[in-house]
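Fold and contact review
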Amino acid sequence: SAPGLNVVSPDPNAGSTEWYIHGVELLRRREWPAAVSAFEGVLKLDAARSEYHAPKALACLGYALMKIGRADESLPLYREALELAPGLPGACTGLAAALMVIGLDAEAIVAFAEAARVLTGRVPIHFNHGNLLVRAGRLDEAEAAFLAALAVDAKHAATLTNLGALHAQREQFNDALE
């Protein structure tokens, strides 16, 4: 639909597919609370998670909940989505991000590593993974994560900055200046 037009909710008797499509449109419009309601409706209508879109609906609900500051509630949704559809991109990255936001760094490190394995070529995954590894004191692995990010985008400023800081921390000053 065109910008500025109201999004009309599906008929109350509509099925989960109509509500899923509605939720996706609300995500696109960044209408987070309304998207939460739409995806909750999808999951209520498909309690058995039998519809093809169930894993994506779970991941989308998790994302919308994170956008309104309810990351802790997104964890079981992302995990269920991954049980139904292992490797689902939105669930992989969402779980990793939610774990990081909540402060469960050890679990987030594992989740970002899995996301990087499943979704190649994504700078934010490698960048966040590297930052968590630095916090954990796993500097060799952090450097590898930052280098993976730079292999995708050699000019990613935040990664260059953090890699330079990592080299300075290790007193590798010639590398830090490059």
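Residues numbered from 1 in each chain as written. Predicted model: local features only at pLDDT ≥ 70, side-chain atom pairs only at ≥ 80, totals over all residues. Heavy atoms only, no water.

A cluster of nonpolar residues, Val101, Ile102 and Leu104, forms a patch on the protein surface that exposes about 230 Å² of accessible area. Among the secondary structure elements, Val101 is positioned in helix H5 (residues 89–102). Val101 sits in the exposed class, given a relative accessible area of 55%. (Patch = residues over 30% accessible without salt bridge, like charges linked within 9 Å, V, L, I, M, F, W, Y side chains within 5 Å. Areas by Shrake-Rupley, 256 points an atom, 1.4 Å probe, with all protein chains shown as cover. Salt bridge = Lys/Arg side-chain N within 4 Å of Asp/Glu carboxyl O. Helix = DSSP H or I, 4+ residues; strand = E, 2+ residues; numbered from the N terminus. Buried < 20%, exposed > 50% of the residue type's maximum accessible area, 1.4 Å probe, protein only.)

Glancing now at the packing of helix H7 (residues 123–135) against helix H9 (residues 157–169). At a minimum axis distance of 11 Å, the contact between H7 and H9 shows a crossing angle of 25 degrees. When the axis of H7 is compared with that of H9, the two are roughly parallel. Taken as a pair, H7 and H9 cross one another with a handedness that is left-handed. Across from Val123, Phe127, Asn131 and Val134 in H7, the residues of H9 making contact are Ala158, Thr159, Asn162, Leu166 and Gln169. Classifying every residue of the contact of H7 with H9 by side-chain character gives five nonpolar, four polar and no charged. (Axes fitted to C-alpha atoms, helices over the stretch in contact; angles between N-to-C directions. Parallel < 35°, antiparallel > 145°, perpendicular 65-115°, else oblique. Left-handed = near helix turned anticlockwise from the far one by under 90°. Contact = heavy atoms within 4.5 Å. Nonpolar A, V, L, I, M, F, W, Y, C, P; charged D, E, K, R; others polar.)

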